[in-house]
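Given next are the chains, with one letter for each unit.
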Amino acid sequence: MAAAESKPPAGTAACRRLARGCWSAFWDYETPKVIVVKNRRLGIVYRAVQLLILLYFVWYVFIVQKSYQDRETGPESSVITKVKGITSSEHKVWDVEEYVKPPEGGSVFSIITRIEVTPFQTLGTCAESMRVNNATCDSDEDCVAGQLDMLGNGLRTGRCVPYYHGSSKTCEVSGWCPVEDGASVSQFLGKMAPNFTILIKNSIHYPKFQFSKGNIENRKDGYLKHCTFHEVSDLYCPIFKLGYIVEQAGENFTQLAHTGGVIGVIINWDCDLDLSASKCNPKYSFRRLDPKHVPASSGYNFRFAKYYKVNGSTTRTLIKAYGIRIDVIVHGQAGKFSLIPTIINLATALTSIGVGSFLCDWILLTFMNKNKVYSHKKFDKMVDAPKRGAGPGLGASEPSQQDCALTDARGLAQL
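If you're wondering where the values come from, they're calculated on a predicted model, not measured in any experiment.

**Points about the packing of aromatic side chains**
Move 1: Considering all chains together, one arrives at 15 aromatic pairs under this definition.
Move 2: Among the aromatic side chains, those forming a connected cluster through ring pairs are Phe229, Phe240, Tyr244, Tyr284 and Phe286.
Move 3: A cation over an aromatic ring shows up here: Lys92 above the ring of Trp94, its NZ or CZ 4.4 Å from the ring centre.
Move 4: Over the ring of Phe304 we find Lys101, and its NZ or CZ is 4.9 Å from the ring centre.

**Structural notes on unusual backbone geometry**
Move 1: In this chain, Lys101 is followed by Pro102 through a cis amide linkage whose omega measures -15°.
Move 2: Note on placement: Pro102 falls in the loop between strand E5 (100-101) and strand E6 (108-127).
Move 3: In this structure, Pro178 follows Cys177 across a cis peptide bond, with omega equal to -5°.
Move 4: The residue Lys66 is not glycine, and still its phi comes out positive at about 50°.
Move 5: In this structure, Phe120 is a non-glycine residue whose phi angle is positive, near 55°.
Move 6: Note on Phe120: relative accessible area 57%, which makes it exposed.

**Observations concerning helix H8 (residues 355-366)**
Move 1: Taking 1.5 Å of rise per residue, the 12 residues of H8 would be expected to cover 16 Å, and the 16 Å separating its terminal C-alpha atoms lies within 8% of that figure.
Move 2: For H8, the full list of buried residues reads Gly356, Cys360 and Leu364. The buried residues of H8 occupy one face: seen down the axis, they fall within an arc of 65°.

**Considerations on the packing of helix H7 (residues 339-353) against H8**
Move 1: In contact at an axis separation of 4 Å, H7 and H8 are set at 15° when each is read in the N-to-C sense. As judged from the angle between their axes, H7 and H8 are roughly parallel. On the side of H7, the interface is formed by Thr351, Ser352 and Ile353, while H8 contributes Val355, Gly356 and Ser357.
Move 2: Tallied by class, the residues present in the contact of H7 with H8 amount to two nonpolar, four polar and no charged.

**Observations concerning the pattern of salt bridges**
Move 1: Applying the stated criterion across every chain, the model contains 10 salt bridges.
Move 2: Here Arg131 ties to Asp181 by a salt bridge, and the two come within 3.6 Å at their closest N and O atoms. Linking Arg131 in the loop between E6 and strand E7 (154-162) with Asp181 in helix H4 (residues 180-183), this pair joins segments that are 50 residues apart in sequence.
Move 3: Among the residues examined, Arg131 registers a relative accessible area of 71% and is labelled exposed.
Move 4: A relative accessible area of 26% means that Asp181 is categorised as partly exposed.
Move 5: Glu180 is the partner of Arg303 in a salt bridge, and the nearest nitrogen-oxygen pair spans 2.9 Å.

What counts and what doesn't
Residues numbered from 1 in each chain as written. Predicted model: local features only at pLDDT ≥ 70, side-chain atom pairs only at ≥ 80, totals over all residues. Heavy atoms only, no water. Phe/Tyr/Trp six-rings, centres within 6.5 Å; stacked < 30°, edge-to-face > 60°. Lys NZ or Arg CZ within 6 Å of the ring centre and 35° of its normal. Helix = DSSP H or I, 4+ residues; strand = E, 2+ residues; numbered from the N terminus. Buried < 20%, exposed > 50% of the residue type's maximum accessible area, 1.4 Å probe, protein only. Expected span 1.5 Å × (residues − 1). Arc of directions from axis to C-beta. Axes fitted to C-alpha atoms, helices over the stretch in contact; angles between N-to-C directions. Parallel < 35°, antiparallel > 145°, perpendicular 65-115°, else oblique. Contact = heavy atoms within 4.5 Å. Nonpolar A, V, L, I, M, F, W, Y, C, P; charged D, E, K, R; others polar. Salt bridge = Lys/Arg side-chain N within 4 Å of Asp/Glu carboxyl O.

This is the structure we're talking about:
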């Protein structure tokens, strides 16, 4: 009698079943179970949430923010400025070469509107300014020889001398004399300053999109010689009157000319490159940049000196200048359709619509009267059954078909 055929080991059969299960999980398609809940109020909430999310993405994300575009911020920019005009003070006529600092025509420049002049300063000894700390004195004993105050005007000699006017005395210093406070004369240059014209030539480039444009119209009829800026009719004539800039910034010109200040000319290039290049236009805005409501730091002034020789000795004129500083600031962004951000935002929109399901599930499981019934319908609970003894041909650890049972404790009534 032939010998009985040997059966494969139980572990081998289990491995084969495991392998078949893995391949089945790899190739099979799984889809979540859908439960229809007949509840009108919950349905309205669900559709309302979906509608709000859809409106947000369609209107705000795609229409307002144009998130379907690839973007570039901060264009490469160049600025060239030129000021024209003359004015007069109590003693002389001033032209551009004298009242514009620096004269190179960059994006930051100052137009002098008032000066305090201290003429004929020479190296010598004189009374210190009363504004300097501990400068006042009654006798030589109050002045320390060799003392140097960083906020003063020179090296103290140790003598107490009469001040320039009045009966007061201050410590004598060795430096440029007379000091500014004792002999300065104020001159106002702002009488004609509102009519000064400022040409602001600006060109930008977006390297990502290879797009360039300037703010001057390409014409050969001498257009720039007789035009001034107008937001509608002369947008590409960037010639501004100083008075117009100050007015648009909301400032009083006379007050600003006396104390000085900083005005920002902001040029914004927001370009939708899906449209024609003619739709990419500069937008100008003006505002004061220095903190005018803080008396300790408001206003704008600086000092410079002019040197010359008188009888072989060096002499200088010290000028404290108050003026309107113009800062030309260029910014913007460009956008153009790109497939990658479009796909990303579409996927985000479709995913976000699922928030409605999450919200309604939370309401059903938490606040609805039949929340326990819905919970049993939505979630299938798997309970381990008691293990049976190993039968013939089965390993002790091999699960049988009854090892796991699907339970439904409540009979799953219809919703």
